[in-house]
Amino acid sequence: MPILRKCCCCFSLKTGGVILGWIGAVSSFLVLVITLIAMCNVDTIVKALVEQTQEKQLDPEMIKTYVQIFLGLYIAVSLIGLISASLLIAGAVRRNRYLILPWLITTGINVVLGCIVAICQVVGAMTHDIGAGFAVLLLMGAIIAFEIYLWLAILSLFQHLREEERNSVSPAALIYKAPPPNDGLPSYTGFA
């Protein structure tokens, strides 16, 4: 049974899935383009990093390697996000729950990793200033709560499609079953 009946209190689950899919696809595409541009300008980024730090022991080649690895991972994550968002759109439009599953998995992983990062940020902020720590806690808590709500909305769409699939008539039952042949003559059963 679906947990939620509507997405964001006003959209159907299908419409919410399509909207979230488009937002995810467009944002992943933009991040992918920006990351590819950054990958083409690695030397400029490394030069800026070396100039910003005052340490003389930094090896520019080592920094370049780390930046390339980081940008490569970011490109991979962006591609995975783009593919899973596109599959979410297709699954919502075609009413295919299996196409929604990759988005649920990747977003679930992102929420868990986001919680870990948020905890680290709150602890880091609280070590410097308690007030700032509570502000970060409220902000990160609201963001993660909203992400969990959206994940639950798409999980509800998945569950709704699963129930639709269970309750629908199978294609084999739609095949017309002809009555038994009687050679074109009326039935004479029941007469004595």
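A short tour of the structure in this document, coming up. Not measured: the values here are computed from a predicted model. (Residues numbered from 1 in each chain as written. Predicted model: local features only at pLDDT ≥ 70, side-chain atom pairs only at ≥ 80, totals over all residues. Heavy atoms only, no water.)

**Some details on the overall build of the protein**
Each helix and strand counted, the protein has five helices and zero strands in total. In the protein, the order of α-helices and β-strands from amino to carboxyl end is α-α-α-α-α. For the protein, the proportion of its 192 residues judged to be buried stands at 27%. Within the protein, counting contacts between residues at least 6 apart in sequence, those at least 24 apart form 70% of the total. (Helix = DSSP H or I, 4+ residues; strand = E, 2+ residues; numbered from the N terminus. Buried < 20%, exposed > 50% of the residue type's maximum accessible area, 1.4 Å probe, protein only. Contact = heavy atoms within 4.5 Å.)

**Considerations on unusual backbone geometry**
Even without being a glycine, R95 presents a positive backbone phi close to 60°. Tracing the backbone shows R95 in the loop between helix 3 (60-94) and helix 4 (97-128).

**Side note on a nonpolar patch on the surface**
A contiguous nonpolar surface patch, about 590 Å² in accessible area, is contributed by W22, V26, F29, L30, V33 and I37. As for its position among the elements, V26 is in helix 1 (residues 13-40). (Patch = residues over 30% accessible without salt bridge, like charges linked within 9 Å, V, L, I, M, F, W, Y side chains within 5 Å. Areas by Shrake-Rupley, 256 points an atom, 1.4 Å probe, with all protein chains shown as cover. Salt bridge = Lys/Arg side-chain N within 4 Å of Asp/Glu carboxyl O.)

**Points about the packing of helix 2 (residues 42-52) against helix 3**
Relative placement of two packed helices is described by the angle separating their axes and the distance separating the axes. As a packed pair, helix 2 and helix 3 sit with axes 9 Å apart at the nearest point and diverge in direction by 125°. As summarised for this structure, helix 2 and helix 3 are arranged oblique, according to the angle between their axes. Note that helix 2 runs across helix 3; the crossing there is right-handed. In contact with V42, D43, I45, V46, L49 and V50 of helix 2, helix 3 contributes P60, I63, K64, V67, Q68 and L71. Tallied by class, the residues present in the contact of helix 2 with helix 3 amount to nine nonpolar, one polar and two charged. (Axes fitted to C-alpha atoms, helices over the stretch in contact; angles between N-to-C directions. Parallel < 35°, antiparallel > 145°, perpendicular 65-115°, else oblique. Left-handed = near helix turned anticlockwise from the far one by under 90°. Nonpolar A, V, L, I, M, F, W, Y, C, P; charged D, E, K, R; others polar.)

**Structural notes on the environment of V42**
Relative to the assigned elements, V42 resides in helix 2. Of the residues examined, V42 reaches a relative accessible area of 3% and is grouped as buried. Here V42 is in contact with K64, V67, Q68 and L71, once residues within four sequence places are set aside.

**Examining helix 1**
For helix 1, with 28 residues, the first-to-last C-alpha span of 40 Å sits near the 40 Å given by 1.5 Å per residue. Buried-residue contacts for helix 1 involve helix 2, helix 3 and helix 5 (130-167). (Expected span 1.5 Å × (residues − 1).)

**Points about the pattern of salt bridges**
Per the counting criterion, the structure on display carries three salt bridges. When the shortest N-O distance is used, the salt bridge between D43 and K64 registers 3.1 Å. With D43 in helix 2 and K64 in helix 3, this residue pair connects regions lying 21 residues apart in the sequence. Look at K64 and you get partly exposed, because its relative accessible area is 22%.

**Things to note about the side chain of Q159**
Among the secondary structure elements, Q159 is positioned in helix 5. There is a polar contact of 3.3 Å between the side chain of Q159 and the backbone nitrogen of I3. (Polar contact = N/O pair within 3.5 Å; in protein donor to acceptor, adjacent residues only side chain to side chain.)

**Digging into helix 3**
Spanning 35 residues, helix 3 covers 50 Å between terminal C-alpha atoms, matching the ideal 51 Å at 1.5 Å per step. If you follow the buried residues of helix 3, they end up packed against helix 1, helix 2, helix 4 and helix 5. Once helix 3 ends, the next one or two residues include R95, with phi positive near 60°.

**Some words on the nonpolar core**
Counting 17 residues, the largest nonpolar core has L20, L88, I100, W103, L104, I154 and L157 as its most contacted members. Mapped onto this core, the elements with two or more residues apiece are helix 1, helix 3, helix 4 and helix 5. Looking at which element gives the most residues to this core, the answer is helix 5, with seven residues. Every residue in contact with I100, bar those within four places of it in the chain, is listed here: L87, L88, G91, A92, I154, L157, F158 and L161. Counting residues in hydrophobic clusters, the runner-up holds six residues, among them V42, V46, I63 and L71. (Core = buried A, V, L, I, M, F, W, Y, C linked by side-chain atoms within 4.5 Å.)

**Examining the side chain of R97**
Checked against the element boundaries, R97 lands in helix 4. Judged by its relative accessible area of 12%, R97 falls in the buried class. Only 3.3 Å separates the side chain of R97 from the side chain of E165, close enough to count as a polar contact. Excluding residues within four positions of it along the chain, R97 makes contact with F158, L161, R162 and E165.

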